[in-house]
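Observations on the model geometry
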Amino acid sequence: MADPQEVLAERVSAAVTAAFGAGQAGADPLIRPSQFADFQANVALPLAKSLGMPPRQVAERIVAHLDVAGVCDRVEISGPGFVNLTLSAGWIAGQATGLLTDERLGAAPTDPSAKVVVDYSGPNVAKELHVGHLRATAVGDAVVRILEFLGQTVVRAAHLGDWGTPFGMLIEYTLEVGEAAAHADLAAGDFTAFYQAARARFDSDEAFAERARRRVATLQAGDPESLRLWQVLVSASMEYLRMIYRRLDITLTDADMDPESFYNPMLADVCAELEDAGIAVISDGALCAFPPGFTGRDGKPIPFMLRKSDGAYGYATTDAAAIRYRLLDLKATRLIYVVGSEQAQHLQMTFAVARQAGWLTDQATAEHAKIGLVTGPDGKRLKTRTGEQVKLIDLINEAVERAARVIADRYDDPVLREQIAEAVGIGALKYGDLSVARESSYTFDFDRMLALTGNTGPYLQYATARIRSIFRKAGLDPAGAAGPIRITEDAERALALALLGFGRSVHLAAQTAEPHLLAGFLFEVASAFTTFYEVCPVLKADDPAVRDSRLALCALTLRVLVTGLGLLGVPVPERM
Ligand code: ARG
């Protein structure tokens, strides 16, 4: 066990039990990073309350029973009863040396029986992906990679919006422009123009609108020709999505698209089941559930619309069927919906209905991993100068072009330059998303994202490239660096201690579906490395043992950064 916080928690817990008996054994030792030491245990404060004793006295009793021989150099009580814990450099060095041969870098597998459905990306057929989808895609894909790294079974579900009323209009418009032309436009990603043109026809030509409405009906009735035309739209969109996912190194495949239409055959049954159970009732001709706890401003219960009065099913119906399928058929133990915050109510109602129906029980959890807004400099949803949605593909291209300019003077070989620019541009874009708490909104800013300093993709990539170049210069393979790691300088100590936190940050990111916790950790490591590299000569170290130790620290840093960036889905160029 390399995680110092876990080791200290165990030792402090044992001391609490020894001092106050098994009755207090469950008390959380409350180990926190400390300003005055490496960590502090805060358990004495709540314990003092429940024991009716002065907290300092509780702290003293804990310390009297605390066995941290070989782990800590110094244990001190401070303030009202904090126990300050300073690790010994020897212990840190030993643990770090151990990580060198630990292929999991201290991140033990968790919950082997967990089966997690991650609903993310949320693309729609015949619609452009925009910058909001980028966030839901990058965050979801990082969550998936992290959970799989911890040995959990993960089902990716993009919940492709491929069904609904717009398809009548889109099919009729396809017929007007010709199938081949429509396919070409869409596969190239020209959705917005296509969609807007169809919409304009729909709004201005009553005969067209009538054809579109009839087309929805025949499509939903399973008319083969309508289905074939619909498929033209779906396959063109899939071509576009595949291109985007490949470019962004997103692990979603065709098999993960989990299209809404997949649930069509289940919708009638789901409605019947909910109606029979009394969970859904007819209200104004529509079938609605009214899960408890959801009322509007007027105090009236908010409907979860399962079937409109004209018999049509909608977004909510599909989500009801999807959650039922995921829980009862896939037997998922955890559902994570990586979806925009604006859908919070819809998802909470979906979960509530699933709970009422008995699909969602104590055997499983459902959570909405909320995605906040990406804004422009005006603080509003990011828009182009002409007020349109910013296209994801334009952002990708611009990020790569700008990255090419940043590194332009470093490489003569155009192929290498292009490869590195692609990795740096895509890395900057994805990391820009992943380094922010997913629920907060942030201002989109190419300059900040591409900066070579600060918590950015390029800064982390650069740290790895720098380490690789140390080994290249020495003609050594980082995999061969065996240490042992020995600590003499403060900067070595800080770096080694930071590296021990890898497992903890991966576990935390997995539990909370918050990749930015891992990103923040990697930034800490890279910063500690930068300081270390400034003050500790590596190849020029006089003492061969010191040189070996520092090379081992470099190699471990490289592995932690490369593995961590891999879990975030951020590409890592070999040189930069
Ligand atoms: N396609 C939807 C949208 O663009 C997102 C889907 C989210 N997932 C879900 N199960 N509802 O808004």
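Preceding this paragraph is the structure being described.
1. Section: the pairing of strand β10 (residues 334–340)
Among the 7 residues of β10, 7 are classified as buried, and the element is accordingly described as predominantly covered. By the bridge criterion, 4 bridges tie strand β5 (residues 115–119) to β10 in an arrangement that is parallel. Paired with V118 across the two strands is I336, which belongs to β10. When β10 meets strand β11 (residues 365–371), the two strands line up parallel, connected through 7 bridges. Bridging from a neighbouring strand, G340 pairs with I371 of β11.

2. Quick word on the pattern of salt bridges
Tallying each qualifying case throughout the model produces 30 salt bridges. For R326, the salt bridge identified is with D119, shortest N-O distance 2.9 Å. Taken as a pair, R326 in helix α12 (residues 315–329) and D119 in strand β5 lie far apart in primary sequence, 207 residues in all. By relative accessible area, which is 2% here, R326 ends up buried. The exposure class of D119 is buried, given its relative accessible area of 4%. With a closest N to O distance of 3.9 Å, E514 and R438 form a salt bridge. Of this pair, E514 sits in the loop between α19 (502–512) and α20 (515–535) while R438 sits in the loop between α15 (414–434) and β13 (442–443), and the two are 76 residues apart along the sequence.

3. A look at the site of the ligand
Around the ligand lies a shell formed by D119, G122, P123, N124, H133, H159, Y315, D319, Y337, V339 and Q343. At a separation of 2.7 Å, a nitrogen atom of the ligand approaches a polar side-chain atom of Y315. Within the side chain of D319, a nitrogen or oxygen atom sits 2.8 Å from a nitrogen atom of the ligand. Considering the ligand on its own, with 350 Å² of exposed area, one finds that the protein chains cover 86% of that surface. Grouping the constituent residues of the shell around the ligand by class yields 4 nonpolar, 5 polar and 2 charged.

4. Details of the packing of helix α18 (residues 490–499) against α20
The interhelical angle for the contact between α18 and α20, taken along N-to-C directions, is 160°, at an axis separation of 9 Å. Between α18 and α20, the interaxial angle falls into the category roughly antiparallel. For the crossing formed where α18 meets α20, the hand is left-handed. Taken together, the residues of α20 that come into contact with α18 (itself represented by A491, E492, A494, L495, A498 and L499) are F521, V525, A528, F529, T531, F532 and V535. Each residue belonging to the contact of α18 with α20 can be placed in one class, and the counts come to 11 nonpolar, 1 polar and 1 charged.

5. So, helix α10 (residues 224–247)
For α10, which comprises 24 residues, the first-to-last C-alpha distance of 34 Å matches the rise-based estimate of 34 Å (1.5 Å per residue) to within 8%. D249 sits one or two positions beyond α10 and adopts a positive phi of about 55°.

6. Here's the deal with the nonpolar core
In terms of nonpolar packing, the biggest core is built from 161 residues, with I62, V118, F444, F502 and L518 touching the most fellow members. Residue contributions to this core peak at 12 residues, all from helix α21 (residues 544–568). Among all residues touching F502, those that are not within four sequence positions of it are R104, L105, A107, F149, L518, F521, V560, T563, G564 and L567.

7. Concerning helix α3 (residues 55–65)
V58, A59 and I62 are the residues of α3 that are buried. Buried residues in α3, looked at end-on, bunch into an arc of 100°, giving them a common side. In the core, the buried residues of α3 are packed alongside α1 (4–20), α2 (44–51), β3 (72–78) and β4 (82–87).

8. Observations concerning the sheet that holds strand β9 (residues 304–307)
The strands making up a sheet associate through backbone hydrogen bonding, with each pair oriented either parallel or antiparallel. Spatially, β7-β8-β9 is the arrangement adopted by the 3 strands of the open sheet, whose pairing is antiparallel. For this open sheet the edge positions go to β7 (280–283) and β9, each flanked by a neighbour on one side alone. Taken over all neighbouring pairs, the strand axes of this sheet differ in orientation by 40° on average, direction set aside. The pairing of β7 with strand β8 (residues 286–289) spans 4 bridges and is classified as antiparallel. Bridging across to β8, A280 finds its partner in A289. Packed onto the sheet, helix α11 (residues 264–276) meets β7, β8 and β9 and runs at close to 120° relative to β9.

9. Describing the layout of surface pockets
In this approach a probe as big as a water molecule rolls over the atoms, and the regions it shows empty are the leftover space. In this structure, the second largest pocket spans a volume of roughly 490 Å³. Every residue lining the second largest pocket is counted, 18 residues in all, and those nearest its centre are Q5, G501, R504, F521 and E524. With 5 residues, α20 is the single largest residue contributor to the lining of the second largest pocket. When its residues are assigned to classes, the lining of the second largest pocket shows 11 nonpolar, 4 polar and 3 charged.

10. Remarks on the sheet that holds β11
Reading across the sheet, the 4 strands line up as β6-β5-β10-β11 and stay open at both edges, with parallel pairing between neighbours. With one partner strand each, in any of the chains shown, β6 (153–157) and β11 form the two edges of the open sheet. Taken pair by pair, the neighbouring strands of this sheet meet at an average axis angle of 20°, ignoring direction. Helix-sheet contacts for helix α5 (residues 131–149) involve β5, β6, β10 and β11, and the interaxial angle to β10 is about 160°. Relative to the sheet, α12 contacts β5, β6 and β10, its axis offset from that of β10 by approximately 150°.

11. With respect to the side chain of E128
Structurally, E128 can be placed in the loop between β5 and α5. Separated by 3.0 Å, the side chains of E128 and Y240 make a polar contact. In this structure E128 touches H133, G189, F191, T192, Y240, K391, L392 and I393, once residues within four positions along its chain are discounted.

12. What to know about the packing of aromatic side chains
In total, this model carries 13 aromatic pairs according to the counting rule given. Seen in terms of ring centroids, Y263 and Y325 are 6.0 Å apart; in terms of plane orientation they differ by 75°. Their pairing is edge-to-face. Of this pair, Y263 sits in the loop between α10 and α11 while Y325 sits in helix α12, and the two are 62 residues apart along the sequence. With centroids separated by 5.8 Å and ring planes inclined at 65°, the aromatic side chains of Y459 and F523 adopt a geometry described as edge-to-face.

13. Looking at the environment of V7
When you line up the elements, V7 lands in helix α1. In the structure, V7 is positioned 61 residues away from V68 in sequence and 9.3 Å away in space, judged by C-alpha atoms.

14. Let's talk about the environment of V177
Assignment of secondary structure puts V177 in helix α6 (residues 166–177). In this structure the C-alpha to C-alpha distance between V177 and G98, which are 79 residues apart in sequence, comes to 65 Å. Once residues within four sequence positions are removed from consideration, V177 is found in contact with A182 and F194.

Definitions and cut-offs
Residues numbered from 1 in each chain as written. Predicted model: local features only at pLDDT ≥ 70, side-chain atom pairs only at ≥ 80, totals over all residues. Heavy atoms only, no water. Buried < 20%, exposed > 50% of the residue type's maximum accessible area, 1.4 Å probe, protein only. Helix = DSSP H or I, 4+ residues; strand = E, 2+ residues; numbered from the N terminus. Pairing = 2+ DSSP bridges. Salt bridge = Lys/Arg side-chain N within 4 Å of Asp/Glu carboxyl O. Near = heavy atom within 4 Å. Polar contact = N/O pair within 3.5 Å; in protein donor to acceptor, adjacent residues only side chain to side chain. Areas by Shrake-Rupley, 256 points an atom, 1.4 Å probe, with all protein chains shown as cover. Nonpolar A, V, L, I, M, F, W, Y, C, P; charged D, E, K, R; others polar. Axes fitted to C-alpha atoms, helices over the stretch in contact; angles between N-to-C directions. Parallel < 35°, antiparallel > 145°, perpendicular 65-115°, else oblique. Left-handed = near helix turned anticlockwise from the far one by under 90°. Contact = heavy atoms within 4.5 Å. Expected span 1.5 Å × (residues − 1). Core = buried A, V, L, I, M, F, W, Y, C linked by side-chain atoms within 4.5 Å. Arc of directions from axis to C-beta. 1 Å grid on protein atoms, 1.4 Å probe; cavity = no way out; pocket = protein on both sides within 12 Å on 5 of 7 lines; lining within 4 Å. Points joined across faces, edges and corners; volume = space filled by probe spheres on them. Phe/Tyr/Trp six-rings, centres within 6.5 Å; stacked < 30°, edge-to-face > 60°.

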